[in-house]
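The residues making up each chain are set out below.
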Amino acid sequence: MFGYQQYNKARDTFGDTYMASRSSRNVSKILKERKPFSILLMGTDTGALGRKDKGRTDSLIVATVNPKTNTTKLVSIPRDTKVVVPGDRMPYEKINAAYTIGGPDSATEVASKLLNVPIDFYGVVNMGGIKKMVNAVGGVDITPNLTFNYEGISVKKGKKEHMTGQTALQYTRMRYQDPLGDYGRQIRQREVLEQILKNGLKISSVTKYSDILKSLDGNILTNLSFEDMMTAGSAYRGATKNLQEDTLQCDNATVDGVSYQVAPNGELLKISNELRESLGLKKSPTLTKDQKHINSNSGSSSDDSIFTDNTSVNNNDELVSN
């Protein structure tokens, strides 16, 4: 796709978005061998990210990409999901606080343990980044599933609309007019994300591709290196042909006067196994000890490793429940 000079220019444009992190698998090897991979996408309602971990993650989406089945699965985790955050002094937190407490590694660890899947990559995007990315791919076509007016935008149910970055941003932020509340907002966030992926992968122009990278610079933090990103972009392009969506359905709960979302064990196991299957991993008949602990109502973790108890990583880069 790129000549040598264009490749170096694009890599330089990507700038300071890369932030190294620990990982349970050899992710570069996974990409080169075209095996399924996963990424935790986090959206923060803050300004420029810079190099500091600020704000909470208003949206969390685990995406699994399988080039063998040409399928990408997107699963939203409610931001108020009640979890234990390893290393935190509090017995439990809302999952959107994990990023604030320990940065991307903490958020990734909690999501990985909660869902019993390896998280290979993460991407933290602020709202300004969403706006710029939508503009960089030429806008997105959205067919709203409800009618609403919000902060200067007006959309009608069932009427397709070509959205600019500003319109798409407002579309993803509205919550209180949606009868589904935060779940409805998560659906709209996935809609915009899907269209960004689809439109971005259709682009072959080097200049346009550089524009996309410029839109990311300063607005995203990720452990996906430029080289890995280029490999994924070329080898996994077909996986966006079939996009599947789901949400970890939780129950409302009030604990010590604070509203939370609590994941029922059966629902957690179902979502966990859907993600494991999409990664080509064995399904688990029951929740692991880690899952029960992270999803518990009390307690704190004394173990700093990503996978503990009856969960381990084998030499074939697969997460296996013992």
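Residues numbered from 1 in each chain as written. Predicted model: local features only at pLDDT ≥ 70, side-chain atom pairs only at ≥ 80, totals over all residues. Heavy atoms only, no water.

(A) Broad picture of helix α4 (residues 127–136). Within the span of α4, buried status applies to Met127, Gly129, Ile130, Met133, Val134 and Ala136. With its phi angle positive at about 85°, Gly138 sits one or two positions after the end of α4. (Buried < 20%, exposed > 50% of the residue type's maximum accessible area, 1.4 Å probe, protein only. Helix = DSSP H or I, 4+ residues; strand = E, 2+ residues; numbered from the N terminus.)

(B) Spatial organisation of the pattern of salt bridges. Within this structure, the stated rule accounts for 14 salt bridges. Note that Asp58 is salt-bridged to Arg79, the shortest N-O span being 3.1 Å. With Asp58 in strand β2 (residues 57–66) and Arg79 in the loop between β3 (71–76) and β4 (82–83), this pair connects stretches of sequence that are 21 residues apart. The residue Glu274 makes a salt bridge to Lys270 at a minimum N-O spacing of 3.4 Å. (Salt bridge = Lys/Arg side-chain N within 4 Å of Asp/Glu carboxyl O.)

(C) Structural view of helix α9 (residues 265–278). Over its 14 residues, α9 extends 20 Å from the first C-alpha to the last, a length consistent with the 20 Å expected when each residue adds 1.5 Å. Within α9 the residues assigned to the buried category are Glu267, Leu268, Leu269, Ile271, Ser272, Asn273, Leu275, Arg276 and Ser278. Of the residues flanking the end of α9, it is Gly280, one or two places downstream, whose phi is positive at about 75°. (Expected span 1.5 Å × (residues − 1).)

(D) Representation of the nonpolar core. In terms of nonpolar packing, the biggest core is built from 44 residues, with Phe37, Val140, Phe148 and Tyr171 touching the most fellow members. Apart from the residues lying within four places of it in its own chain, the contact partners of Val140 are Val134, Glu161, His162, Met163, Ala168, Val192, Gln195, Ile196 and Asn199. Formed by 33 residues, the second largest nonpolar core is a distinct cluster that contains Val110, Leu114, Tyr183 and Leu287. (Core = buried A, V, L, I, M, F, W, Y, C linked by side-chain atoms within 4.5 Å. Contact = heavy atoms within 4.5 Å.)

(E) Highlighting the sheet that holds strand β1 (residues 37–44). Taken in spatial order, the six strands line up as β11-β6-β1-β2-β3-β12 in an open sheet, and their pairing is mixed. Because the sheet does not close on itself, it has two edges, and the strands there are β11 (220–222) and β12 (242–247). Neighbouring strand axes in the sheet, compared pairwise and without regard to direction, differ in orientation by 20° on average. Alignment of β3 against β12, held across six bridges, turns out to be parallel. Note on β12: the bridge partner recorded for Thr72 is Leu243. The sheet strands contacting α4 are β1 and β6 (121–126), and the helix crosses β6 at an angle near 90°. (Pairing = 2+ DSSP bridges. Axes fitted to C-alpha atoms, helices over the stretch in contact; angles between N-to-C directions.)

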